[in-house]
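# Analysis of the macromolecular model
Read off the chains here:
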Amino acid sequence: MHNQRYIVVITGPTGVGKSALADQLALESQIPIEIINADMGQMYTPLSIGTAKPDLGAAPVPHHLFNILDEPSYYTVVQYRKAVQQLIEEIWQRNALPVIVGGSSFYIQSLFFPPLQEEGIPLCQAQEYPQESLWDVVYAIDPERAAAINKNDTYRLQRALAIWHTTGKKPSALKPIYNPMAPFIFIYVTRDRAELYARINERVQEMLMHGWLQEVQPLLGTAWEAFIHKKKIIGYPDIIDYYRSEQQDRDVLCDAIAQKTRHYAKRQEIFWRRLERMLH
């Protein structure tokens, strides 16, 4: 199997233990492996503690697509798939096994279903709509697509409207085409719901104890502050609001972040069930 060209994909909800499994694979595998990141938050250089970024300095194997964005900017699924394709070829050339690890659902999906729309579709017309009415506008055009997008997900709502304005087609009509970039082994890591939620609660406490607040402080008043709020990277907007609030209560902050993280984990599980049906 060593001579065969394939990839391993490790995904699952936040806090489930994906990175630990990848580390175990690195230690026990008879094949040299290299890890490719599939977690959006871990691409941003200043965001480490709250994204559970691995200790890259101590990593026993090469890690790729971590700390690639020093400025607050989007990294689209089109860019991601292109970068991963190139990395896979390079890793194979080194006779190593590419192991893709992370929980950003649309990055994972792009490995199997190439993005239908290139980056060139302008968002300008979509940006003319006020944020609070975006979902209703999408729903009026395409109820099926609207039902699949969170009402606060400004980027995907604008993207859906941009597709409509540019192509005249309903976004939901543009069905993804199954075209995996390589033969693959897919590992979905799961745990009992109560155990997962307990792990999430504990991890949020540990992150706050180990400097998460201090990590966010230098970002206040910079372009990162608005970007973090727009991207809704779990926990970071809450910490910014904590700093901006006169009523600072760390226990309340911890509970709020843990609750949002649990909700995010639930959404990831729902996405996985959908992807699993698509893969079959």
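Keep in mind that what you see is a predicted model, and the values were worked out from it rather than measured.

What counts, and at which threshold
Residues numbered from 1 in each chain as written. Predicted model: local features only at pLDDT ≥ 70, side-chain atom pairs only at ≥ 80, totals over all residues. Heavy atoms only, no water. Helix = DSSP H or I, 4+ residues; strand = E, 2+ residues; numbered from the N terminus. Rg over C-alpha atoms; globule rule 2.2 N^0.38 Å. Buried < 20%, exposed > 50% of the residue type's maximum accessible area, 1.4 Å probe, protein only. Contact = heavy atoms within 4.5 Å. Lys, Arg positive; Asp, Glu negative; His and termini not counted. Charge placed at Lys NZ, Arg CZ, Asp CG, Glu CD. Patch = residues over 30% accessible without salt bridge, like charges linked within 9 Å, V, L, I, M, F, W, Y side chains within 5 Å. Areas by Shrake-Rupley, 256 points an atom, 1.4 Å probe, with all protein chains shown as cover. Salt bridge = Lys/Arg side-chain N within 4 Å of Asp/Glu carboxyl O. Polar contact = N/O pair within 3.5 Å; in protein donor to acceptor, adjacent residues only side chain to side chain. Pairing = 2+ DSSP bridges. Phe/Tyr/Trp six-rings, centres within 6.5 Å; stacked < 30°, edge-to-face > 60°. Lys NZ or Arg CZ within 6 Å of the ring centre and 35° of its normal.

Right, let's talk about the overall build of the protein chain for a bit. Each helix and strand in the protein chain was counted, giving 11 helices and 5 strands. Here the C-alpha radius of gyration of the protein chain, 19 Å, is about what a compact globule of 280 residues would show, namely 19 Å. Principal axes of the C-alpha set define a box for the protein chain whose edges measure 55 × 50 × 35 Å. Out of the 280 residues in the protein chain, the part that is buried amounts to 45%. Put simply, of all contacts in the protein chain between residues at least 6 apart along the chain, 75% involve residues at least 24 apart. The centroid of the 29 positive side-chain charges in the protein chain is displaced by 7 Å from the centroid of its 31 negative side-chain charges.

Below, the discussion takes up a positive patch on the surface. On the surface, Lys-266, Arg-273, Arg-274 and Arg-277 cluster together into a patch of positive charge. Inspection of the secondary structure assignment puts Arg-277 in helix H11 (residues 250–279). Judged by relative accessible area, Arg-277 falls into the exposed class, the value being 61%.

As a further point, take the side chain of Arg-81. Checked against the element boundaries, Arg-81 lands in helix H2 (residues 77–93). Owing to a relative accessible area of 7%, Arg-81 belongs among the buried residues under this scheme. A distance of 3.2 Å separates a polar side-chain atom of Arg-81 from the backbone oxygen of Asn-179.

Quick look at the pairing of strand S1 (residues 7–11) now. With 5 of 5 residues buried, S1 is to be regarded as a mostly interior element. Where S1 and strand S5 (residues 184–188) come together, 5 bridges link them in parallel fashion. Bridging across to S5, Ile-7 finds its partner in Phe-184. Bridge count for S1 against strand S4 (residues 97–101) is 3 bridges, and the pairing is parallel. Among the inter-strand pairings, Val-9 is bridged to a residue of S4, identified as Ile-100.

Assignment of secondary structure puts Pro-72 in the loop between strand S3 (63–64) and H2. With a relative accessible area of 21%, Pro-72 lands in the partly exposed category. Along the backbone, Pro-72 and Ser-104 are 32 residues apart, and their C-alpha atoms lie at a distance of 17 Å. Residue contacts for Pro-72: discarding those within four places in its chain leaves Ala-223, Trp-224 and Phe-227.

Moving on to unusual backbone geometry. Unusually for a residue other than glycine, Leu-65 sits at a positive phi of about 65°. In this structure, Leu-65 sits in the loop between S3 and H2. For Leu-65, a relative accessible area of 11% gives the class buried. Unusually for a residue other than glycine, Lys-232 sits at a positive phi of about 55°. In this fold, Lys-232 is placed in the loop between helix H9 (223–231) and helix H10 (236–244).

Time to look at the packing of aromatic side chains. Per the counting criterion, the structure on display carries 14 aromatic pairs. Ring centres 5.7 Å apart and planes at 85° place the aromatic pair Tyr-44 and Trp-224 in the edge-to-face group. Linking Tyr-44 in the loop between strand S2 (33–37) and S3 with Trp-224 in helix H9, this pair joins segments that are 180 residues apart in sequence. This pair shows no difference in class: Tyr-44 is buried, exactly as Trp-224 is. An aromatic cluster of at least three residues, connected via ring pairs, comprises Phe-112, Phe-184, Phe-186, Tyr-188 and Trp-272. Cation over ring: Lys-151 sits above Trp-135, and NZ or CZ is 4.3 Å from the ring centre.

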